[in-house]
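A structural walkthrough
If you want the building blocks of each chain, they are given just below.
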Amino acid sequence: MGSWGAFLFSPLLLWSRSRGARLMFLLLILHLGNCVDKVDDEDDEDLTVNKTWVLAPKIHEGDITQILNSLLQGYDNKLRPDIGVRPTVIETDVYVNSIGPVDPINMEYTIDIIFAQTWFDSRLKFNSTMKVLMLNSNMVGKIWIPDTFFRNSRKSDAHWITTPNRLLRIWNDGRVLYTLRLTINAECYLQLHNFPMDEHSCPLEFSSYGYPKNEIEYKWKKPSVEVADPKYWRLYQFAFVGLRNSTEIAHTISGDYVIMTIFFDLSRRMGYFTIQTYIPCILTVVLSWVSFWINKDAVPARTSLALMEYGTLHYFTSNKKGKTTKDRKIKNKASVSPGLHAGSTLIPMNSISLPQGEDDYGYQCLEGKDCASFFCCFEDCRAGSWREGRIHIRIAKIDSYSRIFFPTAFALFNLVYWVGYLYL
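Residues numbered from 1 in each chain as written. Predicted model: local features only at pLDDT ≥ 70, side-chain atom pairs only at ≥ 80, totals over all residues. Heavy atoms only, no water.

Of regular secondary structure, the chain possesses nine helices and 11 strands. Looking at the chain residue by residue over its 424 residues, the buried ones come to 29%. Within the chain, counting contacts between residues at least 6 apart in sequence, those at least 24 apart form 74% of the total. Total accessible area on the chain stands at roughly 29,200 Å², and carbon and sulfur atoms take up 60% of it. (Helix = DSSP H or I, 4+ residues; strand = E, 2+ residues; numbered from the N terminus. Buried < 20%, exposed > 50% of the residue type's maximum accessible area, 1.4 Å probe, protein only. Contact = heavy atoms within 4.5 Å. Areas by Shrake-Rupley, 256 points an atom, 1.4 Å probe, with all protein chains shown as cover.)

Written out as structure tokens, the structure reads:
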């Protein structure tokens, strides 16, 4: 045990006695500290080389403030860039968050977009190790912004919660990017002559409000229009087919203006109307043919069938979806008499039968005679002179002919209807 203790404590004794060993230990500590500092410097250099959005430690907040102050010093935001020299070119692109709903009554649709504009302003050039200044909406009112407006907009709302949804970027070469989020109710005049198999192109037009073509020129950026996933859009009865963009010149008294237009192609979904309208109406028509196979003497059966068809037609004509005003309800009540409703004249004629009540006059006449109808109660009927000059048609033959005529006519009507709507 004594030998092990001497072996362990001998280096300490030597270190305490040797001054040169102390100096070597201090030099080793200083060398390790320098290595750590070099690693930190290398990490800072990586931030600059990788060109990430994280500011390098070498650039301080005061430097950015000094750059902004120098840019705004003597800057007049009432004047456009390069005024009196050349037109200002505005590159635009749009990101569509959602479209819908489409209102066919008011002829308008709702769209939610992020609208971006890019232009060059030589007054905003700066020299710095920073390539771009990323700013918020507080800087927007201090520089010149294009006076773009949406020509076919009925109502536009900018998003302000929780802060104004606006973005501003300034590059060191004077390039400016300005984006904002908007919800727009735009006009879309629907052509409903092919309803419910109609297709529409709803436009979104924008241009400068006060600067003509020789002052501001709009151009599409590539890609010009991008859209989000359409499955989350509230189009309801419509389906999104595609989009296209165009550029045209509008000639007005105040000058020629560049108009940028985006067309959103929509087509109406047929599934809703097939289930809610076409199939019930076809079944109602087919149901009316059942009376052709019912005996003409079965008056209760024909009457019940007619009432059921009447109730079905009344349901489709009166059970309309959507909001109706009180004036429309009052007008309908005043124009329709009690017991009569729209579509009541559509009761099939084959369901109407002659009254066969138990009349004493008829039965007294028929007593003791082999007569098939009450016509034999009259002298002319007994002699058969009433048939002279008249066409005698049997009810049973009418039913047999109707069994072929009505289904054939309905099939021809559907053939012409669907071919005309789908292909012509």
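Using the criterion set out here, one finds one disulfide in the structure. Across the disulfide, Cys 188 is cross-linked to Cys 202 (sulfur-sulfur distance 2.1 Å). Judged by the sign of its S-S torsion, about -70 degrees, the cystine formed by Cys 188 and Cys 202 is left-handed. Of the two residues, Cys 188 sits in the loop between strand S7 (175-187) and strand S8 (199-208) while Cys 202 sits in strand S8, which places them 14 residues apart along the sequence. The pair formed by Cys 188 and Cys 202 is uniform in burial state, with each residue classed as buried. (Disulfide = S-S within 2.5 Å.)

On to the packing of helix H4 (residues 270-288) against helix H9 (residues 395-423). The N-to-C vectors of H4 and H9 enclose an angle of 160 degrees; their axes lie 13 Å apart at closest approach. On the basis of the axis angle, H4 is roughly antiparallel to H9. Like other packed secondary-structure pairs, H4 and H9 cross with a definite hand, here right-handed. Between H4 and H9, the contacting residues are Met 270, Tyr 278, Ile 282 and Val 285 on the first element and Phe 410, Tyr 417 and Trp 418 on the second. Along the lines of polarity and charge, the residues of the contact of H4 with H9 split into seven nonpolar, no polar and no charged. (Axes fitted to C-alpha atoms, helices over the stretch in contact; angles between N-to-C directions. Parallel < 35°, antiparallel > 145°, perpendicular 65-115°, else oblique. Left-handed = near helix turned anticlockwise from the far one by under 90°. Nonpolar A, V, L, I, M, F, W, Y, C, P; charged D, E, K, R; others polar.)

Attention now goes to unusual backbone geometry. A cis geometry characterises the amide bond from Phe 195 onward to Pro 196, with omega recorded as 0 degrees. In this chain, Lys 222 is followed by Pro 223 through a cis amide linkage whose omega measures -10 degrees. Residue placement: Pro 223 occurs in strand S9 (residues 216-227). Positive phi values are uncommon outside glycine, yet Asp 82 reaches one of about 55 degrees. Locating Asp 82 in the fold gives a position in the loop between helix H3 (61-72) and strand S1 (88-103). Judged by relative accessible area, Asp 82 falls into the partly exposed class, the value being 21%. One non-glycine residue with positive phi stands out, namely Met 107, at about 55 degrees. Here Met 107 shows up in the loop between S1 and strand S2 (108-120).

A few words on the sheet that holds strand S10 (residues 238-252). Spatially, four strands are ordered S4-S8-S11-S10 in an open sheet, and the strand pairing comes out antiparallel. Each of the sheet's edge strands pairs with one partner strand only, and the pair in question is strand S4 (148-150) and S10. Averaged over all pairs of adjacent strands, the angle between their axes in this sheet comes to 20 degrees, without regard to strand direction. Direction of pairing for S8 relative to strand S11 (residues 255-268): antiparallel, over a ladder of eight bridges. Counterpart to Phe 206 in the pairing with S11 is Met 260. (Pairing = 2+ DSSP bridges.)

To continue, consider the pattern of salt bridges. Summed over the entire model, instances satisfying the criterion amount to 10 salt bridges. Salt-bridge contacts for Asp 121 lead to Arg 123; the nearest nitrogen and oxygen are separated by 3.1 Å. Under the relative-accessibility criterion, Asp 121 is labelled buried at 1%. A salt bridge links Asp 265 to Arg 244, with the nearest nitrogen and oxygen atoms 2.8 Å apart. Of this pair, Asp 265 sits in strand S11 while Arg 244 sits in strand S10; the two residues are 21 residues apart in sequence, bridging distant segments of the chain. Since its relative accessible area comes to 39%, Arg 244 is described here as partly exposed. (Salt bridge = Lys/Arg side-chain N within 4 Å of Asp/Glu carboxyl O.)

Relative to the elements of secondary structure, Asp 173 occurs in the loop between strand S6 (166-171) and S7. Along the primary structure Asp 173 and Leu 124 are separated by 49 residues, whereas in three dimensions their C-alpha atoms are 7.7 Å apart. Discounting chain neighbours no more than four positions away, the residues touching Asp 173 are Phe 120 and Lys 125.

On to H9. The first and last C-alpha atoms of H9 sit 41 Å apart over 29 residues, in line with the 42 Å expected at 1.5 Å per residue. Considering bend angle alone, the principal kink of H9 is centred on Ser 402 and spans about 35 degrees. (Expected span 1.5 Å × (residues − 1). Bend = angle between axes of the 7 residues up to and from the residue.)

Turning to the pairing of S8, a few remarks are in order. Side chains on a regular strand alternate between the two faces of the sheet. Most of S8 sits out of view: seven of its 10 residues are buried. Of the pairings in the sheet, the one linking S4 to S8 comprises three bridges and is antiparallel in character. Within S8, the residue paired with Thr 148 across the bridge is Ser 208.

Overall, the coordinates contain 19 aromatic pairs when judged by the stated rule. An aromatic cluster is built from Phe 115, Phe 150, Phe 206, Tyr 218 and Trp 220, whose rings are joined through pairwise contacts. Against the face of Trp 171 rests Arg 175, its NZ or CZ located 3.9 Å from the ring centre. (Phe/Tyr/Trp six-rings, centres within 6.5 Å; stacked < 30°, edge-to-face > 60°. Lys NZ or Arg CZ within 6 Å of the ring centre and 35° of its normal.)

Membership of the largest hydrophobic core comes to 51 residues, with the highest contact counts inside it found for Val 96, Tyr 109, Ile 111, Ile 113, Leu 133, Leu 168 and Leu 204. Sequence-distant contacts of Val 96, defined by excluding residues within four places in its chain, comprise Ile 111, Asp 112, Ile 113, Val 225, Glu 226, Val 227, Ala 228, Trp 233 and Phe 264. (Core = buried A, V, L, I, M, F, W, Y, C linked by side-chain atoms within 4.5 Å.)

Across the chain, the average pLDDT comes to 76, with 67% of residues at 70 or higher. Within the model, the stretch residues 38-57 combines pLDDT values under 50 with eight contacts to residues more than four positions away or in other chains. Here residues 329-370 is modelled with pLDDT under 50, and outside its nearest four sequence neighbours on either side it reaches 36 contacts, counting other chains as well. (pLDDT = per-residue confidence, 0-100.)

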